[in-house]
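Here is what each chain is made of, one letter per residue.
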Amino acid sequence: MAIVKMDKFNLLSFDSDRQSLLNSLQAFNYVHFNDLVKENDENYISEVRETQRLAEIDESLNKVNYAIDVIKDYTKDLPEELNDKVSDLSLEEVNRRGSNFTFDLIYEKLRNLVTKREKLVQNRDSLNQKQSELSPWQDIDVNMDKLYRSDRFFMETGTISSRFYEDLQKALVERNLDGTLVYKLSERDGNYYVVALSTNKEAENFSEILREFGFSRVKIAADSEVNNYLTDLSGQEDQINKEIQAVDNEIIDFKKYLEDLYIYQAYIINCRKKEASSENFLKTRQMNIIEGYVPSDKSEEFKADLNQILGEKYILDVIPAQKDDPNVPIILKNNKLVEPYENVVETYALPKYSELDPTGIIAPFYTIFTGFMIGDLGYGLIGVIAILLALKLKDFPKSTQKTLKLFLGISLSACVFGFIFGSVFGGIIDVPFGWIDTTTDINQLILISLIIGGFSLFFALGVKGYMAIRDGHFDGVIFDVLSWYMAVGGAIALVITKNPIAKYIMIAGMVMILLFAGRAIKSWPGRIASGAYELYGITSWIGDFVSFLRLMALVLSGGFVAYSVNLIVKMMAGSGIGGLIGGIIIFIVFQLFNMFLSYLSAYVHSLRLIYVEMFNKFYEGGGIKFREMVEDTNFVNIIRRGEK
């Protein structure tokens, strides 16, 4: 449970050796480069830029991402399981398989198939559009093109609002246009599709009346009888659908390349990471100037790799990183039990190199907070079983594994507190254990929440004292830690015991804060003012203590929701077989939903207690994450050198 010690290095090597150097350092992996920036007056130095090379790699990455997305999209509804397992491969194996993979040929064929399918879909859509336009005229069994060109009579086809159709018919009668006919064929969206006929003699008057009643001309685009033409279009559509299905089957067949595509994707991503790292360098006409950090326990291995790849053609200077150097990158090193809680720390901020790793400190507190808030044995057991099965049956990326193990710890804690509270799915089962009833023992829950909060806050303050002792600031232990123990602890003791000794301890602590909290300021007025401001901060302790009542509040809210669901289920179960089945469904759905809300609330509010209430007592954060030269993907975990 510590921050990995770092060594800082400065390296000068020939530019001609850069690619070999990058290959070697990526295989080594544990090297973090500082981003060197050219000063304005350094005309003999320039920044390394690989714009064109990175653009080429990005293009390849876009292509492989596209290919993977296409294959997964076309195979998402298949019943058989795709090859989505996570592969554990060495970087050497990834580079070998990635460089030998004939991706360009596969991509070209896949892209052509997708393009072909898109054209087929466009043609089908065009046919559908034609069918939609012609379907109102499907009862016409003559060649409309010939009728349009006839000189013997006047004919129009089009639409008219159903509201005006009867009025139009009346107007034709009233105006004595006996040689006219408006025949309705079909109706769609409030419009009538009609054929309008008249003698040539009455054509002009007929057209005027049609316009008057909102007739909209529609020419039927069919070069034969409409019904036959529609039959022909339907046949063409069937043929296109067969061709689309054939193309789909060819695309689906590309699923056999998924594993290779995942490895190629990892290969491209790590190629980019390697090439991009060189943009942290500066160079002269012949030399590269490189600066960065390596873990202290790997410095000798780092030097050996440089000797092997560069021979004697380099200059290297390695020194232990300075504790107060803000550029030192951070690697957290914890045992397997504590490691999942690194996510909690990283979500807030990595520690500075001069700080301590808080992971081991916050792990037990975070576990207690979350377990208390969930507080149900049933929910905890479901979480434990589900996570263990997931870890057993499916491979996950390392980051996902860490998150699942974090929630495994939360679930185990929920089991413990569920046992203490005697709660199984909100009390649906009467159990012989349980010392605290969350539905009645409210005062006990409040007291326990405050005790947990007080211990957490005082422990966090003690960590600050430890750091002061570690750094040799013994005055800080007395004036920044002990004084607060006296002021806050004395106030609590005074409220509980009414003992005057507690009052004197509290006053002494306050005086120490007032006089010495601002001891860095030379003038006494400034010191007193600073001390008074710090002493005012005692009010924040009240808020901190009150914040821990959320432990009680959340376990109560989750318990009452579960209890309410159980009441509904019991009522329904007593009303016959239908009620029993409905009750079971309601129980499963709403208990799982309440479990989800309980876990979510516990996760978020416990973070709040850690970040706001505990971290502000001893932790600042702001460290830089160590940038490895190797990157895992969702489907490839790269085995680092030295890992098994």
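Just above, that's the structure.
Notes on the structure follow. Not measured: the values here are computed from a predicted model.

1. Quick notes on a nonpolar patch on the surface
Logical step 1: Residues Ile-382, Ile-577, Leu-580, Ile-581, Ile-584, Ile-585, Ile-588, Val-589, Phe-590 and Leu-592 make up a contiguous nonpolar surface patch of about 900 Å² in total accessible area.
Logical step 2: For the nonpolar patch, the element with the highest residue contribution is helix H21 (residues 577-618), accounting for 9 residues.
Logical step 3: Summarising the element assignment, Ile-584 is placed in helix H21.
Logical step 4: With relative accessibility at 44%, the residue Ile-584 sits in the partly exposed group.

2. Thoughts on the layout of surface pockets
Logical step 1: Reported here for the largest pocket is a volume of approximately 1,800 Å³.
Logical step 2: What lines the largest pocket is a set of 43 residues, among which Glu-339, Lys-398, Glu-628, Arg-640 and Glu-643 lie closest to the centre.
Logical step 3: Only strand E14 (332-333), helix H11 (342-348), helix H14 (398-421) and strand E16 (636-639) provide two or more residues apiece to the lining of the largest pocket.
Logical step 4: Here the lining of the largest pocket takes 5 residues from H14, the largest share from any one element.
Logical step 5: Of the residues assigned to the lining of the largest pocket, the class counts are 12 nonpolar, 9 polar and 22 charged.

3. With respect to helix H4 (residues 103-134)
Logical step 1: Between the first and last C-alpha of H4 there are 46 Å, a value that for 32 residues agrees with the 46 Å anticipated at 1.5 Å per step.
Logical step 2: Of the residues making up H4, those classed as buried are Phe-103, Ile-106, Tyr-107, Leu-110, Leu-113, Val-114, Leu-120, Val-121, Leu-127, Gln-131 and Leu-134.
Logical step 3: Looking at the buried side of H4, the elements it contacts are helix H2 (51-75), helix H8 (226-252) and helix H9 (258-277).

4. Some remarks on the packing of helix H19 (residues 538-547) against H21
Logical step 1: For the pair H19 and H21, interaxial distance at closest approach is 11 Å and the crossing angle is 150°. Along this stretch, H19 crosses H21, giving a crossing that reads as left-handed. Contacts between H19 and H21 involve Trp-541, Asp-544 and Ser-547 from the former and Arg-608, Leu-609, Glu-613, Asn-616 and Lys-617 from the latter.
Logical step 2: In the contact of H19 with H21, the residues fall into 2 nonpolar, 2 polar and 4 charged.

5. Focus on H19
Because each turn of an α-helix spans 3.6 residues, side chains separated by three or four positions end up pointing in the same direction.
Logical step 1: Along H19, the residues that are buried comprise Trp-541, Asp-544, Phe-545 and Ser-547. With its buried residues spanning 155° around the axis, H19 presents them on a single face.

6. Quick look at the packing of helix H20 (residues 549-573) against H21
Two quantities define a packed helix pair, namely the angle between the axes and the distance from one axis to the other.
Logical step 1: Packing of H20 against H21 leaves a shortest axis separation of 9 Å and a crossing angle of 175°. On the basis of the axis angle, H20 is roughly antiparallel to H21.
Logical step 2: In terms of residue class, the contact of H20 with H21 is built from 14 nonpolar, 10 polar and 2 charged.

7. Section: the nonpolar core
Logical step 1: Membership of the largest hydrophobic core comes to 67 residues, with the highest contact counts inside it found for Phe-369 and Ile-610.
Logical step 2: Considering every element that reaches this core, the biggest residue donor is H21, with 11 residues.
Logical step 3: When sequence neighbours within four positions are dropped, the list of residues in contact with Ile-610 reads Ile-362, Phe-365, Tyr-366, Phe-369 and Phe-615.
Logical step 4: Ranked by size, the runner-up nonpolar core spans 54 residues in total, among them Leu-185, Val-226, Leu-233 and Ile-240.

8. Comments concerning the sheet that holds strand E7 (residues 180-188)
Logical step 1: Spatial ordering of the open sheet is given by E7-E8-E6-E9, a layout of 4 strands whose pairing is antiparallel. Unpaired on one side and paired on the other, E7 and strand E9 (216-217) mark the two borders of the sheet.
Logical step 2: Of the pairings in the sheet, the one linking E7 to strand E8 (residues 191-198) comprises 8 bridges and is antiparallel in character. Its bridge partner being in E8, Thr-180 is matched across the sheet by Ser-198.
Logical step 3: Helix H7 (residues 203-212) rests against strand E6 (154-161), E7 and E8 of the sheet, and its axis sits at about 165° to E8.

Rules behind the numbers
- Residues numbered from 1 in each chain as written.
- Predicted model: local features only at pLDDT ≥ 70, side-chain atom pairs only at ≥ 80, totals over all residues.
- Heavy atoms only, no water.
- Patch = residues over 30% accessible without salt bridge, like charges linked within 9 Å, V, L, I, M, F, W, Y side chains within 5 Å.
- Areas by Shrake-Rupley, 256 points an atom, 1.4 Å probe, with all protein chains shown as cover.
- Salt bridge = Lys/Arg side-chain N within 4 Å of Asp/Glu carboxyl O.
- Helix = DSSP H or I, 4+ residues; strand = E, 2+ residues; numbered from the N terminus.
- Buried < 20%, exposed > 50% of the residue type's maximum accessible area, 1.4 Å probe, protein only.
- 1 Å grid on protein atoms, 1.4 Å probe; cavity = no way out; pocket = protein on both sides within 12 Å on 5 of 7 lines; lining within 4 Å.
- Points joined across faces, edges and corners; volume = space filled by probe spheres on them.
- Nonpolar A, V, L, I, M, F, W, Y, C, P; charged D, E, K, R; others polar.
- Expected span 1.5 Å × (residues − 1).
- Contact = heavy atoms within 4.5 Å.
- Axes fitted to C-alpha atoms, helices over the stretch in contact; angles between N-to-C directions.
- Left-handed = near helix turned anticlockwise from the far one by under 90°.
- Arc of directions from axis to C-beta.
- Parallel < 35°, antiparallel > 145°, perpendicular 65-115°, else oblique.
- Core = buried A, V, L, I, M, F, W, Y, C linked by side-chain atoms within 4.5 Å.
- Pairing = 2+ DSSP bridges.

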